[in-house]
Amino acid sequence: MDTQTLRAEQLQRAADVIRQDQLAVDPPAFIAGCDVGFEQEGAVTRAAIAILRYPSLELVEYQIARIATTMPYIPGFLSFREYPALLAAWERLRQKPDLIFVDGHGISHPRRLGVASHFGLLVDVPTIGVAKKRLCGKFEPLGAEVGAKSALMDKGEQLGWVWRSKARCNPLFIATGHRVSADGALAWVQRCMAGYRLPEPTRWADAIASRRPAFQRWLAAHPEVSPCVF
């Protein structure tokens, strides 16, 4: 894999990221949550997309795509490994969202192109990165209280916010993906909380991908929904 070519593409695409709020529908009618994982020792990439109605945060559609993994894991270039499965799931959606939350980084990446930014650019929909761990940048220690926040800084620029969403839990790293500002990203994540560490869009995407009990209960309550999986 030619990392120099990938690096050049990252820098080129990062320059195209819009860091201001440009929601075509505001407030959004539908918000997506995206989660990507790997199966069969990395041979298969699995992407789950949940579509929630806003502001009720009711799950209305989901898609899961499993495709052959297209490239090996290379630190700093994960978005190239993850976005093909996201696109496969995206193409199956009947209801396209107005705003996307991605479980991963947006511009909070050494070259400012995490998977949330990469995918947001490809589909040209406002996108927010909601990551569980820091990839780059520094921040001041957070207080223990819910709502504590600190700017995530790198090389003199703010990449996003570090925000404690739940007591006794590690904070989230929230950043612009595409067509959403840093403050807008944090505000939308805050509007989509329901008492858990993760906002509802990515929490549902994770539940779908891992077939967690909450998703199993949803399926039992919606027998009319046929499996949207391939």
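Residues numbered from 1 in each chain as written. Predicted model: local features only at pLDDT ≥ 70, side-chain atom pairs only at ≥ 80, totals over all residues. Heavy atoms only, no water.

In the annotation of an unreviewed UniProt entry, the chain is listed under the name Endonuclease V and assigned to Serratia rhizosphaerae. For the chain, the Subcellular location (unreviewed entry) comment in UniProt is given as "Cytoplasm". Taken from UniProt, the Function (unreviewed entry) comment for the chain reads in full: "DNA repair enzyme involved in the repair of deaminated bases. Selectively cleaves double-stranded DNA at the second phosphodiester bond 3' to a deoxyinosine leaving behind the intact lesion on the nicked DNA." (UniProt positions renumbered as here; feature names shortened; annotations may be inferred.)

Considering the UniProt feature "site: Interaction with target DNA" (unreviewed entry) in the chain
Under the present numbering, the feature "site: Interaction with target DNA" (unreviewed entry) in UniProt falls on Tyr73. Following the sequence through the fold, Tyr73 ends up in the loop between β3 (58-68) and α2 (78-92). (Helix = DSSP H or I, 4+ residues; strand = E, 2+ residues; numbered from the N terminus.)

Focus on the environment of Glu157
By the secondary structure assignment, Glu157 is in strand β7 (residues 157-163). Between the C-alpha atom of Glu157 and that of Gly137, which follows or precedes it by 20 residues, the distance is 9.3 Å. Contacts of Glu157, omitting those with residues within four sequence positions, involve Arg19, Arg112 and Leu152. Within polar-contact distance, the side chain of Glu157 engages the side chain of Arg112 at 2.7 Å. (Contact = heavy atoms within 4.5 Å. Polar contact = N/O pair within 3.5 Å; in protein donor to acceptor, adjacent residues only side chain to side chain.)

Remarks on the pairing of strand β5 (residues 127-131)
The buried fraction of β5 is high, at 5 of 5 residues. Neither face of β5 is left uncovered, since the one carrying Thr127, Gly129 and Ala131 and the one carrying Ile128 and Val130 both have all their residues buried. Here strand β4 (residues 99-102) pairs with β5 via 3 bridges, running parallel. Residue pairing for β5: Val102 is matched across the bridge by Gly129. Assessed by its sense of winding, the connection that carries the chain from β4 through helix α3 (residues 115-123) to β5 is right-handed. Of the pairings in the sheet, the one linking β5 to strand β8 (residues 172-178) comprises 5 bridges and is antiparallel in character. Paired with Thr127 across the bridge in β8 is His178. (Buried < 20%, exposed > 50% of the residue type's maximum accessible area, 1.4 Å probe, protein only. Pairing = 2+ DSSP bridges. Right-handed = clockwise from strand over helix to strand, strands pointing away.)

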